[in-house]
Amino acid sequence: MPELPEVEVTRRSFADRIAGARIVSATLGKPLRWPLGCAPAELVGRTVLGVRRRGKYLLLDLDEGLLLLHLGMSGSLTFAAPGTLAGVHDHFDLLTNQGLLRLHDPRRFGAVVHAAGETDPVARKLLDHLGLEPLGDTFQVDAFHAGLKQRRAAIKQVLLAGDVVVGVGNIYASEALFLAGIRPTTRADRISLPRARGLHAAIRDVLGRAVEKGGSTLRDFFNAQGESGYFQLEAAVYGRAGLPCRRCETPVRLLKQGQRSTFFCPVCQRP
DNA sequence: ACATCTACCTGGTGGC
DNA sequence: TGCCACCAGGTAGATG
């Protein structure tokens, strides 16, 4: 479910509601990607100061330490009525005096990790290598272009890797490259400054619009208040193999890069 | 240092 | 209807 827009929409949908909340209890379901890293009882009595986002990680700042949440491929956060029984795919319940925050994640690629602080090795391991924030002020064309210059891999895979710019997942990578007119197989270090400028703008545009629309994916998405962003953003190429390009009518092509599907228009997107 | 592959897990879909 | 192969939005860690 989540690429950066979905994670950001999730953050906005529950940050205000959880801010200032005192943790009453924390309950784990089946194992997630990594262990919590502390006994759930140690969280009791902590106060949630606020929620930040770094890449696709949600950072719940506590009065002591922090929780790093990742939604993986199928995770979602909702407020459940206190007392509601956890379902088979509910794997983390954070009961507070301001509501019950519940992580639902069928595939369990998601994670909830406790760290003593941002310099805690467990947090650094997850956050240190992350690239520029695409919607933030640090995402400047020159820095982006310089990052691409260091990489010989295909631009699509460099975008997905998240160490040059974070948050561009499989769907938005195809979409941004279409908007920028760049073939996904183009070597990252062969992209000129003007084309990098176009890609920079395309990434901000496609991610920014998705956030404004409330997070949109080709399946379904609900924010923590249970509101859907279903199908509010039309895909230009993603999932459209064989269908006419919306710009030039040429059939959209599908290729595999690193076992992941990439969609592109062979006419509108040049190497 | 970099690029590529593997693994983690469940559910939905389409073919037979 | 059942069975099965294949697909799915992420990413750290192992391997080349």
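Cut-offs and rules
- Residues numbered from 1 in each chain as written.
- Chains lettered and ligands numbered in written order.
- Predicted model: local features only at pLDDT ≥ 70, side-chain atom pairs only at ≥ 80, totals over all residues.
- Heavy atoms only, no water.
- Helix = DSSP H or I, 4+ residues; strand = E, 2+ residues; numbered from the N terminus.
- Expected span 1.5 Å × (residues − 1).
- Buried < 20%, exposed > 50% of the residue type's maximum accessible area, 1.4 Å probe, protein only.
- Contact = heavy atoms within 4.5 Å.
- UniProt positions renumbered as here; feature names shortened; annotations may be inferred.
- Axes fitted to C-alpha atoms, helices over the stretch in contact; angles between N-to-C directions.
- Parallel < 35°, antiparallel > 145°, perpendicular 65-115°, else oblique.
- Left-handed = near helix turned anticlockwise from the far one by under 90°.
- Nonpolar A, V, L, I, M, F, W, Y, C, P; charged D, E, K, R; others polar.
- Near = heavy atom within 4 Å.
- Polar contact = N/O pair within 3.5 Å; in protein donor to acceptor, adjacent residues only side chain to side chain.

A few words on helix 6 (residues 193-212). Compared with the 28 Å implied by 1.5 Å per residue over 20 residues, the 28 Å span of helix 6 between its first and last C-alpha is a close match. Along helix 6, the positions that sit buried rather than exposed are Ala196, Leu199, His200, Ala202, Ile203, Val206, Leu207, Gly208, Ala210 and Val211. The inward-facing, buried residues of helix 6 contact helix 1 (4-18), helix 3 (141-149), helix 4 (155-161) and helix 5 (170-180). Two residues or fewer after helix 6 comes Gly214, characterised by a positive phi angle close to 95°.

When the UniProt feature table is mapped onto this chain, "domain: Formamidopyrimidine-DNA glycosylase catalytic" (unreviewed entry) is found at residues 2-110. In residues 2-110, the share of helix is 14% and the share of strand is 39%. The end C-alpha atoms are 10 Å apart.

A few words on the packing of helix 5 against helix 6. The geometry of helix 5 relative to helix 6 is characterised by a closest axis approach of 8 Å and an angle of 130° between their N-to-C directions. It follows that helix 5 is oblique to helix 6 by the angle criterion. Crossing hand, helix 5 versus helix 6: right-handed. Residues Tyr172, Glu175, Ala176, Leu177, Leu179 and Ala180 of helix 5 lie in contact with helix 6, whose contacting residues are Gly198, Leu199, Ala202, Ile203, Asp205, Val206, Leu207, Arg209 and Ala210. Among the residues making up the contact of helix 5 with helix 6, the classes are represented as 11 nonpolar, 1 polar and 3 charged.

Here we take up the protein's contact with DNA strand B. As a matter of local geometry, DNA strand B sits amid Lys30, His89, Pro106, Arg107, Arg108, Phe109, Arg151, Arg152, Ala153 and Gln259. Close to the protein, within 4 Å, the atoms of DNA strand B are drawn from sugar and phosphate at a rate of 61%. The backbone of Pro106 places a nitrogen or oxygen atom 3.5 Å from a sugar or linking oxygen of DNA strand B. The separation between a phosphate oxygen of DNA strand B and a polar main-chain atom of Ala153 is 3.0 Å. Split by residue class, the surface near DNA strand B holds 3 nonpolar, 2 polar and 5 charged.

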